[in-house]
Structures are given as structure tokens and as C-alpha cells.
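For reference, the chains in residue letters:
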Amino acid sequence: MEMFGKLLATLIKDLLILWRDRAGLLVLFLMPAVLVVIITLVQNNVHKLMGESSAQVILVDQDGGDLGALIVEKMSGIELVQGINGERIEYSQAKELVAAGDYQAAFIIPPDTTKSLKARAAEEARAALSEEVATESSSLELEVLFDPTVLGGFRSGFKSSLAMAVMEFEIREKMDALARIIPEHLGREIKKEAGSFAEYIKVPELKLKLNTEPILEIRSGSASRGGKVIIPTPVQHNVPAWALFGMFFIVVPMAGSLIKERQEETLSRLLTMPVPYPVILAGKTAAFMAVCFCQFALIMVIGRFLLPHLGVDAFRLGSELGAAFVVVAAASLAATCYGIMLGTICRTYEQASMFGSISVVAASAIGGVMVPVYAMPEIMRKISVISPIGWGLEAFLDIFVRGGGLSTVAGELGLLVVVAAATSLVAWLLFARRAGVA
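Residues numbered from 1 in each chain as written. Predicted model: local features only at pLDDT ≥ 70, side-chain atom pairs only at ≥ 80, totals over all residues. Heavy atoms only, no water.

Peer 1: Provide a residue-level description of the overall build of the chain, including the pertinent values.
Peer 2: Tallying secondary structure elements over the chain gives 15 helices and 6 strands in all. Here the chain, with 438 residues, has 40% of them falling under the buried criterion. Once local pairs closer than 6 in sequence are excluded, the contacts in the chain between residues at least 24 apart make up 78%. Of the roughly 24,400 Å² of accessible surface on the chain, a fraction of 62% belongs to carbon and sulfur atoms. (Helix = DSSP H or I, 4+ residues; strand = E, 2+ residues; numbered from the N terminus. Buried < 20%, exposed > 50% of the residue type's maximum accessible area, 1.4 Å probe, protein only. Contact = heavy atoms within 4.5 Å. Areas by Shrake-Rupley, 256 points an atom, 1.4 Å probe, with all protein chains shown as cover.)

Peer 1: Mind laying out helix 3 (residues 66-74), listing which residues take part and the relevant values?
Peer 2: Looking at helix 3, one finds that the buried residues are Leu67, Gly68, Leu70 and Ile71. When helix 3 is viewed along its axis, its buried side chains cluster within an angular range of 165 degrees and face the same direction. (Arc of directions from axis to C-beta.)

Peer 1: Give me the pattern of salt bridges: which residues, what numbers.
Peer 2: In total, this model carries 4 salt bridges according to the counting rule given. Across the pair aspartate 66 and lysine 118 runs a salt bridge whose closest N-O atoms are separated by 3.2 Å. Of this pair, aspartate 66 sits in helix 3 while lysine 118 sits in helix 5 (residues 113-129); the two residues are 52 residues apart in sequence, bridging distant segments of the chain. Take aspartate 66: its relative accessible area is 44%, and that puts it in the partly exposed class. Residue class for lysine 118 comes out partly exposed when judged on its relative accessible area of 32%. (Salt bridge = Lys/Arg side-chain N within 4 Å of Asp/Glu carboxyl O.)

Peer 1: Requested: an account of unusual backbone geometry, with residues and values cited.
Peer 2: Working note: non-glycine residues mostly have negative phi, and peptide bonds are mostly trans. Notably, asparagine 85 is not glycine yet its phi reads approximately 55 degrees, a positive angle. Within the secondary structure, asparagine 85 is located in the loop between strand 3 (83-84) and strand 4 (87-88). Of the residues examined, asparagine 85 reaches a relative accessible area of 77% and is grouped as exposed. Positive phi outside glycine occurs at aspartate 112, with the angle close to 65 degrees. Among the secondary structure elements, aspartate 112 is positioned in the loop between strand 5 (105-109) and helix 5.

Peer 1: Which residues make up the sheet that holds strand 6 (residues 143-146), and what values do they have?
Peer 2: On the basis of which strands lie adjacent, the open sheet formed by 4 strands has the order 2-1-5-6 and mixed pairing. The open sheet terminates on both sides in strands that have one partner only, identified here as strand 2 (79-81) and strand 6. The mean inter-strand angle of the sheet, taken between neighbouring strand axes irrespective of direction, is 25 degrees. Where strand 1 (residues 56-61) meets strand 2, 3 bridges bridge the pair, whose relative direction is parallel. Counted as the bridge partner of glutamine 56 is glutamate 79 from strand 2. (Pairing = 2+ DSSP bridges. Axes fitted to C-alpha atoms, helices over the stretch in contact; angles between N-to-C directions.)

Peer 1: Now, about the side chain of serine 332: what can you tell me, with residues and values included?
Peer 2: Tracing the sequence through the fold places serine 332 in helix 11 (residues 321-345). Among the polar contacts made by the side chain of serine 332, one reaches the main-chain carbonyl oxygen of valine 328 at a distance of 2.8 Å. Serine 332 has contacts with Met247, Met289, Cys292 and Phe293, leaving out every residue within four places of it along the chain. (Polar contact = N/O pair within 3.5 Å; in protein donor to acceptor, adjacent residues only side chain to side chain.)

Peer 1: Explain the environment of leucine 317 residue by residue, including any values.
Peer 2: Here leucine 317 is to be found in the loop between helix 10 (277-306) and helix 11. A sequence separation of 17 residues divides leucine 317 from methionine 300, and the C-alpha atoms of the two residues are 8.2 Å apart. Not counting residues up to four positions away in its chain, the partners in contact with leucine 317 are Met300, Arg304 and Phe400.

Peer 1: Please give an account of the pairing of strand 5 that cites residues and values.
Peer 2: Most of strand 5 sits inside the fold, with 5 of its 5 residues counted as buried. Going residue by residue along strand 5, you find Ala105, Phe107 and Ile109 tucked away on one face and Ala106 and Ile108 tucked away on the opposite face as well. Pairing geometry for strand 5 and strand 6, over 4 bridges, is antiparallel. Bridging across to strand 6, phenylalanine 107 finds its partner in valine 144.

What follows is the structure, given as C-alpha cells:
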């Protein structure tokens, strides 16, 4: 009971010191809050651009035929712009607008494209019936111009959608050509074989109607646990990711607190009291862990209630909040123990702040906070397994997205506890060596 009182006194002392450093507290809470809002809004827009909402693309239809009409119909998920202020966009203007970044892309249908495509389809149909090879000729082309800043994912998706629309038009034209040519072909062959009876044989018209609805459909879903399906969005990734970033950034004030106490000889005075050094560290750890829990709660509130008002999806907490708080405890313990090790190793606050900031940013980058691990190059995916922030993020995603529970994240929890124990041991051995205890 006496030891608990000493621990509580140390905890209150560190909380009071933290409370007096209003600027430091503001950074700890404001930085991850601002980052989660800004990064989520930016990534949400990119996420939609890559597949869920329309981009602005210029259509320069110099052909004016059926092909352009079909493309407009089939590419309804993309905002096709053909004129500005009631005036038709010409090729040179479209090129300038895309080059300036006003539009993401432009595609041009040259004159007589529909006419040439229909003629080519008829030629190929005749060649197929006569078992001859169609006459080689130059390919017909649609020109696509992209804004130089547009990434490869959008380029590939747009060209695939355009290619599918063009392919459907080609198939329709070939079917129509076959419907016209097959009766003619049959009539000629019948006359050859029937001789004088040919005049009594009438070849009916052939009507081929192409159904463009797919026969084989692709059904997609999520391989989630317990049948819970949570649509993956930037919100579900960024909220826990930047909450972890803010929690691990606690290492800088944590290390600074130890260095300041050592430089001002506050630690020496504390050690003259009947309070063991591990109790002092335990109280400090508990105080900073409390700050980490408050950071996490703030980011969850922002994700749940503020982000929907900014036009993005609300963060879904799921049903395993208990498991999530255990992950918060393990991650904050690892972060604070790492801060204790930095505060023990570094001689000055400048050293601790520089190394602490760089190490946390590096661990965040390779751990998937800024870019999901699966989107990284292979070498980075292999390196990411050493990041404690990556372990914490994987545990959060298991809970919030994959529908897992406490047993699912046991491995990540174990690794975070091992990091906490290892960094605490290093800090204690170094302190004992300097103090002449060991």
C-alpha cells in the first residue's frame, strides 16, 4: 500500500509537469489530429478518383458517329466534357487544358473513325467466311492525352474502360456485318450446288442480335472474420495509423522529461527520497500512457464524428473495443519505454528530439502509416516487419477492418510487450552502470 502511494505521488507529479507544458501538450494532441484530417481528406479524394467517382476527361469527337455515342453511354462513371461555355473543345485547346492540369485526360476520336471501323468489320467478316486472311492495313487509332501528373493507376483504369467500350462497338459491327454477308454467302453457295432448282430456294434474312449483358459475372467481397464486412476506406486505415503515430511521438517529451530532470538534478533529489528508481519510472510511464490513451480517444472522436461532416465516411469502431484498448495499452507501453531508453542514452534534449523524431517517422513510414504495406516495393515489405508501429497498425486493422478479436492480435501484442521490456532493460542497465549500482 505504501508503494502504491509512492507510485501515485510520482504519477501525479508527472501529470502536473505535463499539464504546465501547455505548448507541448498542444503539439501532442494537435499534430496527429490535424494529420489524420488532412491525410484522410487527401487520400479519400485520390481513392475516389481511382475507382469510385468521376474524373473530368475531355472528349474531342471529330467523328460524330455511333462510336462516340456508345463511348459516352458506356463510360458514364467518368465525367466527359465536350464543350466549355457552349463552345465545342477542339484538339489544340484540349491538349493545352490537359497539359495545364485543368483536366485529367482527353481522348480524341478522329474523323471517319466509325465509317472506317464498319468497313474494316465487314472486310474481316467476309474474310472469315471465305477462309481468307483479311487484307493488312494500318490500325485505326483513338488518341488519349494524360495530364503528366496523373498516376499509372488512373491511366490503366481509364484505358481499360475505353478499350472495353471500343471492343463492344467492334463486336456489334462484326455481328451486323455477318448478318448481312451470311445470307449473301449462302445464296451463292446454294446456287452453285442446287443448279436449276436454285431459283426456287430463298435464303431468309439473318438477324443477329447481340446481348451486351455479361453471362459470367464477377462477385467480389471481403474475407472478413465472423461475417462482418467493413468496406476498406482511407478512414479505416488513417484513423488508427495516425493515432499510433501520435502515440509513439510521446517518446520526445518522455525522453526530454528524463533529460531535464537529470540536468536540473531533480532526479538526484528524487533518489534521495525513499522511492526506488523503478517506481519513479513506473509513475512517469503511467502518466505518459494516460496521455497516449487521451490521444487515441481524441483521434477516434475525430474519425467518428468530425470526418463525416467533411465529406468522408465515418470511422467504424467495430464490436471489439476491449481488444482495441489492449492494443493501445501495449503500443503506449512500448512507446513510453522507448522514450525512457532514449532519455537514458541521450545526453541532451536536442539529441533525443532529433533521434526520437527521425526514428518515429521512419518506423511510421516503413510500418504502413503513410502508405499501406501491401502497396510498397518488396524490399520495403520485408523491412516493415521490424517496425513496432507496423505491429500496432496491423493489430488495429485486424480489429477494425478484418473483424478480429483479442486472440487474433496476440502475436502483435506480444511483440510490443517484448519491445517495451527490451528497451526498459537497456535503460535500466545503462542507468545502473552510470549510478554505480551494477
